[in-house]
Amino acid sequence: MIAEIGHYALVLAFILAAVQSTVPLWGAARGDRRLTAVAAPAALLQLLLVGIAFLALMQAYIASDFSLANVAANSHSAKPLLYKITGVWANHEGSMVLWVLILALFGAAVAGLGGNLPETLRARVLAIQGMIGTGFLAFILFTSNPFLRVFPPPLDGAGLNPLLQDPGLAFHPPMLYLGYVGFSMAFSFAIAALIEGRVDPAWARWVRPWTLAAWSFLTLGIALGSWWAYYELGWGGWWFWDPVENASFMPWLAGTALLHSAIVVEKRGALKAWTVLLAILAFSLSLMGTFLVRSGVLTSVHAFATDPQRGLFILVLLALTIGGSLALFALRAPRLKGGGVFAPISREGALVLNNLLLTTATLTVFVGTLYPLVLDALGGGKISVGPPYFEATFVPLMIPTLIAVAIGPMLAWKRGDLRTALARLRLAMGAVLIVALGTLALADADTALAALGTGLAAWLIAGAAVEWADRVRLFRMPLAGFLARARHLPRAAWGMTLAHAGLGLLVAGITGSSAWQTERIQVMQPGDAVELAGYEVTLVSVGEADGPNYTAERAQFRVESGGRLVTTLAPEKRFYPVEGRQTTEAAIHTTLLADLYAVIGEADGQGGWTTRIYHNPLVPWIWAGCLVMVAGGAVSLTDRRHRVGAPARPRPSPTPATA
Amino acid sequence: MAPKRRRMTVILVALALLGAAAALALTALEDSVVFFFSPSDLATKSVAPGQRLRLGGLVEEGSVQRGDGARIVFKVTDLATAVPVVYEGILPDLFREGQGVVVEGSLGPDGRFEADSVLAKHDETYMPPEVAEALKKSGHWQDGAESETGDKE
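Given the structure is predicted, the values throughout are model-derived calculations rather than measurements. (Residues numbered from 1 in each chain as written. Chains lettered and ligands numbered in written order. Predicted model: local features only at pLDDT ≥ 70, side-chain atom pairs only at ≥ 80, totals over all residues. Heavy atoms only, no water.)

## Observations regarding the overall build of chain A
Tallying secondary structure elements over chain A gives 21 helices and 11 strands in all. For 659 residues, the compact-globule estimate of 2.2 N^0.38 gives 26 Å, and chain A sits close to it at 26 Å. The principal-axis extents of the C-alpha atoms in chain A amount to approximately 80 × 75 × 55 Å. Looking at chain A as a whole, 61% of its 659 residues qualify as buried. With the model as given, the accessible surface of chain A reaches about 25,400 Å², and the carbon-plus-sulfur share is 68%. On chain A, the mean spot of the 45 positive side-chain charges and the mean spot of the 37 negative ones are 20 Å from each other. (Helix = DSSP H or I, 4+ residues; strand = E, 2+ residues; numbered from the N terminus. Rg over C-alpha atoms; globule rule 2.2 N^0.38 Å. Buried < 20%, exposed > 50% of the residue type's maximum accessible area, 1.4 Å probe, protein only. Areas by Shrake-Rupley, 256 points an atom, 1.4 Å probe, with all protein chains shown as cover. Lys, Arg positive; Asp, Glu negative; His and termini not counted. Charge placed at Lys NZ, Arg CZ, Asp CG, Glu CD.)

Right under this line is the structure:
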């Protein structure tokens, strides 16, 4: 019964979305306020209906209602409650419902908080949100309905892929979708601006914080996914340039560019058409990201079973959205006259350079990801494009980008002076020199590249610190004055400092893990020891261990350094009887500077086990860097000026996006 | 600076960047594209030893043997031809006899495929598209198997 209510709510939401995407648009064109007034209540009701559908599905999962085909195929009564709940979105159908729920959430936010937006703009934005919703709800109802019943219902479910029964992955899809769907705000505003033929100040004040929120969620989502791959797949790596990873990385790159160009629109009124185009690109890449993963056209560690009917539907939806919006852009963009003239060497100029580099980098990733698909479709044979391609194209483009990150904030708006900017960065250059020379002094392989990487990391962190110190006049005025300045520094400035410094940590982590990773693979009998990076790792024993819905072989490793016990590591090989599947649980010892990472493999039948031990220097810095970047985004969102787009609320509660 | 000249600067920088990126991408693609072979392809087409390629098919039943240390030998088959594969390391959790697999590496001088990575998939009902196609080509694809690749994730 509850499932039928959910199903019915989804159908109602679909019809409502169709109304929401047409009536307000018509009203805005005719200037009829009765018709535009439909938009806001429709968006709020939309959230209610999709929310009911989502909760109905969640109830079916929690109650293990196996008469639903979706629950039977993806859940099991013996699964822990947490994974029953996250199981709702750990499958294709449910994840699409989550996608639409988040879309409805953003639509309701425009309806509820957008009281100060021009009436027609708000109606048009909500209509575009409605169109996206219509497409997705049709996709769910006609090809991926989670509420279909099976008869007779099976006694128990088939279980959830055990790789997905993990806290890291449980929250990876919602974060990723908050990011993807968050860009739909920028997209809807961009299309509405194209229809209106103008970008007004209210437009920029809305687009920037929502893009920032989407970007922060996407950063967190990608980091969670990468962290999960790192500890769960047991391969010791955290990024594989896998097509599915690239699919989430491309919207991130485009979104990062959008974030920066939106600043220019807001502050200087320039780059309007370009920002609109980036908004279209960021969301188009988000759609592509959702669908590349969901359609199963990619061969990847993430690729799942597929259904050709879905693939076609997806392709049509993508073509309509991307083709339609780009055609509208071509027709209307010339109308968006930008203001704010600036010299090439200026803050605007630096942001334009940032945009050019980021979009070019997005393009190289796009080519590498889609080239195999295109070649295959043209009958050119099956190929794969691996990490060497991305290392040879993406990395060289990032070097000038990262150098520019520290210089840009030092330049004045309109007309800057490169020499003054560089003079202010003297201290940062000193830091780069020390760090790079220090790296070169470490006799090791790959040292020149490693020195470049650590040097860039030092440049970013020191550059961010110097810029912050300049702003608060550190050491140049009495302590009290400095503290007052630090307190009054806009939150957006704090956010930028944090995000840029976090990027520096990330670069340091990437450099360390790719230059100095060491690994040992061997067969060990209990009592055997291996030496690695100054640690002595001894296999003590391998025993049985039981979990809630799995059994495991658990190894005990003793880790010693200089005869002193450092820690014990207990990696597992788990067996999930319901799904008939094995998973690897790596054991990781994290210090400030490195991870020691142990994996247990198969028994060799003679009392030994294959084991794999990695020493991964600076990997913890990767996660720290991502978290600091997200913190930067969150701090920036609390800036009062970013809330201008949102009306004053009765109490100073955080916006939904920062919660 | 006049808007026109400013626009020209931006366009020139953009073109230079795109040119550089295109040059990088083309050279990198040339060097790092890895072609996919089925076991039958490998037997009929000439492949230079040392050329990186991907080989996909089913892990032949009963062919998995453990060698010295972490060395593993198994055969990848499209049910017409089988190619011996040598791999050193820990096999992915989904590696199973009779299941689809894609290995990457190069052909050794002794005709054995030396793999440095073994990809098995997230899902036991999932067949890598390349493997499915290789089986279709060798005429051993069963439609029954297709219905097993349902909607499960």
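## Quick word on the overall build of chain B
If you tally the helices and strands in chain B, you get four helices and seven strands. Start at the N end of chain B and walk to the C end: the helices and strands fall as α-β-α-β-β-β-β-β-β-α-α. The buried share among the 153 residues of chain B stands at 46%. Considering only intrachain contacts with a sequence separation of at least 6, the fraction spanning at least 24 residues in chain B is 53%. Total accessible area computed for chain B in this model is approximately 7,600 Å², and 54% of it derives from carbon and sulfur atoms. (Contact = heavy atoms within 4.5 Å.)

## As for the side chain of Ser144 of chain A
Residue and element names in this part refer to chain A. Looking at the secondary structure, you find Ser144 in the loop between α7 (119-143) and α8 (167-170). At 2.9 Å, the side chain of Ser144 forms a polar contact with the side chain of His92. Among all residues touching Ser144, those that are not within four sequence positions of it are His92, Glu93, Phe139 and Arg310. (Polar contact = N/O pair within 3.5 Å; in protein donor to acceptor, adjacent residues only side chain to side chain.)

## Section: a nonpolar patch on the surface
Together, Leu363, Val367 and Tyr371 of chain A together with Met8, Ile11, Leu12, Leu15 and Leu18 of chain B make up a nonpolar patch on the protein surface, roughly 690 Å² of accessible area in all. In terms of residues, the nonpolar patch owes the most to one element, helix α1 (residues 3-32) of chain B, which gives five residues. In this structure, Tyr371 of chain A sits in helix α14 (residues 347-377). Judged by its relative accessible area of 31%, Tyr371 of chain A is partly exposed. (Patch = residues over 30% accessible without salt bridge, like charges linked within 9 Å, V, L, I, M, F, W, Y side chains within 5 Å. Salt bridge = Lys/Arg side-chain N within 4 Å of Asp/Glu carboxyl O.)

## Points about helix α18 (residues 447-472) of chain A
Residue and element names in this part refer to chain A. With 26 residues, α18 extends 37 Å from end C-alpha to end C-alpha; this agrees with the ideal 38 Å at 1.5 Å per step. In terms of burial, α18 is largely enclosed, as 20 of its 26 residues are buried. Remark: Arg473 follows α18 within two positions and exhibits a positive phi of approximately 55°. (Expected span 1.5 Å × (residues − 1).)

## Considerations on the sheet that holds strand β11 (residues 609-617) of chain A
Residues and elements named next belong to chain A. Strands sit in the order β2-β11-β10-β9 across an open sheet of four strands; the sheet is antiparallel. Two strands lie at the open edges of the sheet, namely β2 (518-524) and β9 (587-590), each paired on one side alone. Taking each pair of neighbouring strands and ignoring which way they run, the sheet shows an average axis angle of 15°. Here helix α20 (residues 491-516) sits on the sheet in contact with β2 and β11, set at roughly 135° to β11. (Pairing = 2+ DSSP bridges. Axes fitted to C-alpha atoms, helices over the stretch in contact; angles between N-to-C directions.)

## Here we look at the pattern of salt bridges
All names here are of chain A. Taken as a whole, this structure holds 20 salt bridges over all chains when the rule is applied. Between Asp65 and Arg149 there is a salt bridge whose closest N-O contact spans 3.4 Å. Taken as a pair, Asp65 in the loop between α3 (39-62) and α4 (69-74) and Arg149 in the loop between α7 and α8 lie far apart in primary sequence, 84 residues in all. Accessibility expressed as a relative area gives 34% for Arg149, which makes it partly exposed.

## Points about the pairing of strand β6 (residues 564-569) of chain A
Residues and elements named next belong to chain A. In this structure, strand β5 (residues 551-561) lies alongside β6, joined through five bridges in antiparallel fashion. Residue pairing across strands places Phe557 opposite Leu569, the latter belonging to β6. Remark: two residues form the turn of the hairpin made by β5 and β6, two consecutive strands paired antiparallel; Gly562 in that turn has positive phi of roughly 60°.

## Thoughts on helix α1 (residues 2-30) of chain A
All names here are of chain A. Here α1 spans 42 Å end to end across 29 residues, near enough to the 42 Å set by a 1.5 Å rise per residue. When we look at burial in α1, the residues that qualify are Ala3, Gly6, Ala9, Leu10, Ala13, Leu16, Ala17, Gln20, Ser21, Pro24, Gly27 and Ala28. Those residues of α1 that are buried are in contact with α2 (33-36), α3 and α7. Note on α1: the residue one or two positions beyond its end, Gly31, has a positive phi of about 70°.

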